[in-house]
Amino acid sequence: MSPRRASPPPDPAESARIGLAGLDAGPIERAFRVETPDESLGALPLPFEYVDIEVEIRKADGASVRARGTLGARATVECRRCLDPTRVRVRARWDALYRPPARVTPGEEGVWALDAESGELDLAGPIREELWVQAPAWVECSPECPGLCPACGARVAEQPCRCPPPEPDARWAALEGLGGGSADASEGASEGAPEGEIP
């Protein structure tokens, strides 16, 4: 996306805001990085180190404004199995429609309130929402990761666990051998009956 018209750089304290000066003359295109996502975007599903944002802003119907673009983010979190630091990347397209507050229906998907008096478009809401949708719920260093031994904590991928086998649960002792007797009796009855006759 090559910039045709750029607004002033975002304020470092509010780096998800884009000025709308000049929008009447044509679309505004920007590409920038949010260096402190947790501060600029609000609560996020992962501790993202940064979020790269590309956005094109156009006037829509009436007083509405449409913003669409792409985002890319990176975080480092522990693998849920072996606890090794694991890098996670998220890339996605996003699309948001901004309308005057009186025209925003609560719960309407992809629609955000436009603060026309501020002269800025706050991208934090749609970017944060897209990151929550795209971020993995569980992070694993690989699908084949065997994880840690639950008893001694050894990394099973690096060394075999030498823990003794778990002690049998005494509560199940009364059930041992119940299946074998009935199976043998059934087998014997079947063998004793002549073929084609019902015993």
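None of the values given here were measured: they were computed from a predicted structure. (Residues numbered from 1 in each chain as written. Predicted model: local features only at pLDDT ≥ 70, side-chain atom pairs only at ≥ 80, totals over all residues. Heavy atoms only, no water.)

Asks: Looking at this structure, I do not really get the overall build of the protein chain. What am I missing?
Replies: Tallying secondary structure elements over the protein chain gives three helices and seven strands in all. Secondary structure elements in the protein chain, listed N-terminal to C-terminal, are β-β-α-β-β-β-β-β-α-α. Expressed as a percentage of its 199 residues, the buried residues of the protein chain come to 33%. Restricting the contact set of the protein chain to residue pairs at least 6 apart, pairs at least 24 apart contribute 55%. (Helix = DSSP H or I, 4+ residues; strand = E, 2+ residues; numbered from the N terminus. Buried < 20%, exposed > 50% of the residue type's maximum accessible area, 1.4 Å probe, protein only. Contact = heavy atoms within 4.5 Å.)

Asks: When you look at helix 2 (residues 124-134) in this model, what are you seeing that I'm missing?
Replies: Residue pairs spaced three or four apart in an α-helix point in one direction, given the helix's 3.6 residues per turn. All buried positions along helix 2 are accounted for by Ala124, Gly125, Pro126, Ile127, Glu130 and Leu131. Looking at the buried side of helix 2, the elements it contacts are helix 1 (37-40), strand 3 (48-59), strand 4 (65-78), strand 5 (85-99), strand 6 (111-113) and strand 7 (120-122).

Asks: What exactly am I supposed to notice about the environment of proline 150 here?
Replies: Tracing the sequence through the fold places proline 150 in the loop between helix 2 and helix 3 (178-192). In this structure the C-alpha to C-alpha distance between proline 150 and cysteine 163, which are 13 residues apart in sequence, comes to 9.9 Å.

Asks: When you look at the confidence of the model for the protein chain in this model, what are you seeing that I'm missing?
Replies: Low pLDDT means the predicted atomic positions in that stretch should not be read closely. Here the protein chain averages 82 in pLDDT, while 82% of its residues score no lower than 70. Per-residue pLDDT, averaged within each element of the protein chain, yields its smallest value for helix 3 (52) and its largest for strand 4 (96). Contacts from residues 1-14, a stretch scored under 50 in pLDDT, to residues over four places away or in other chains number 29 contacts. Under a pLDDT of 50 for its full length, residues 182-190 has, in the predicted model, zero contacts with residues more than four places off or in other chains. (pLDDT = per-residue confidence, 0-100.)

Asks: Any chance you could explain the sheet that holds strand 4 here in plain terms?
Replies: Adjacent strands of a sheet form backbone hydrogen bonds with each other and so pair up, either parallel or antiparallel. Across the sheet, which stays open at both edges, the five strands sit in the order 2-3-4-5-6 with mixed pairing between neighbours. Two strands close off the open sheet at either side, each with one partner strand: strand 2 (28-34) and strand 6. Neighbour to neighbour, the strand axes of the sheet diverge by 25 degrees on average, direction disregarded. Here strand 2 pairs with strand 3 via seven bridges, running antiparallel. By the bridge assignment, arginine 30 is partnered in strand 3 with valine 55. Of the strands in this sheet, strand 3, strand 4, strand 5 and strand 6 touch helix 2, which is tilted by about 135 degrees from strand 5. (Pairing = 2+ DSSP bridges. Axes fitted to C-alpha atoms, helices over the stretch in contact; angles between N-to-C directions.)

Asks: When you look at the packing of aromatic side chains in this model, what are you seeing that I'm missing?
Replies: Any aromatic ring pair is given by two values, namely how distant the centres are and how the planes are angled relative to each other. According to the stated counting rule, one finds zero aromatic pairs in the structure shown. Geometry around tyrosine 50 places arginine 33 over its ring, the cationic atom sitting 3.8 Å from the centre. Across from the ring centre of tryptophan 138, 4.2 Å away, lies the NZ or CZ of arginine 80, which sits over that ring. (Phe/Tyr/Trp six-rings, centres within 6.5 Å; stacked < 30°, edge-to-face > 60°. Lys NZ or Arg CZ within 6 Å of the ring centre and 35° of its normal.)

Asks: Sorry if this is basic, but what is going on with unusual backbone geometry here?
Replies: With the exception of glycine, most residues fall at negative phi, and the peptide bonds are largely trans. In this structure, leucine 83 is a non-glycine residue whose phi angle is positive, near 70 degrees. In this structure, leucine 83 sits in the loop between strand 4 and strand 5. On the basis of relative accessibility, which here comes to 41%, the residue leucine 83 falls in the partly exposed class.

Asks: Can you help me understand the side chain of threonine 86 in this one?
Replies: Looking at the element boundaries, threonine 86 is found in strand 5. A polar contact is formed between the side chain of threonine 86 and the backbone oxygen of aspartate 84, at a distance of 3.0 Å. For threonine 86, the residues in contact, after removing those within four places along its chain, are Ala75, Thr76, Val77, Cys79, Val139, Glu140 and Cys141. (Polar contact = N/O pair within 3.5 Å; in protein donor to acceptor, adjacent residues only side chain to side chain.)

Asks: Is there a simple way to think about the pairing of strand 4 in this case?
Replies: The two faces of a sheet get side chains in turn, since along a regular strand they alternate between them. Of all 14 residues that make up strand 4, ten are buried, and the element is covered over most of its length. As paired elements, strand 3 and strand 4 share eleven bridges and run antiparallel to each other. Its bridge partner lying in strand 4, phenylalanine 48 is registered against alanine 75. In this structure, the hairpin formed by strand 3 and strand 4 is closed by a connection of five residues, where glycine 62 is found at a positive phi of approximately 60 degrees. Direction of pairing for strand 4 relative to strand 5: antiparallel, over a ladder of 14 bridges. Considered in strand 5, the bridge of alanine 67 is made with alanine 96.

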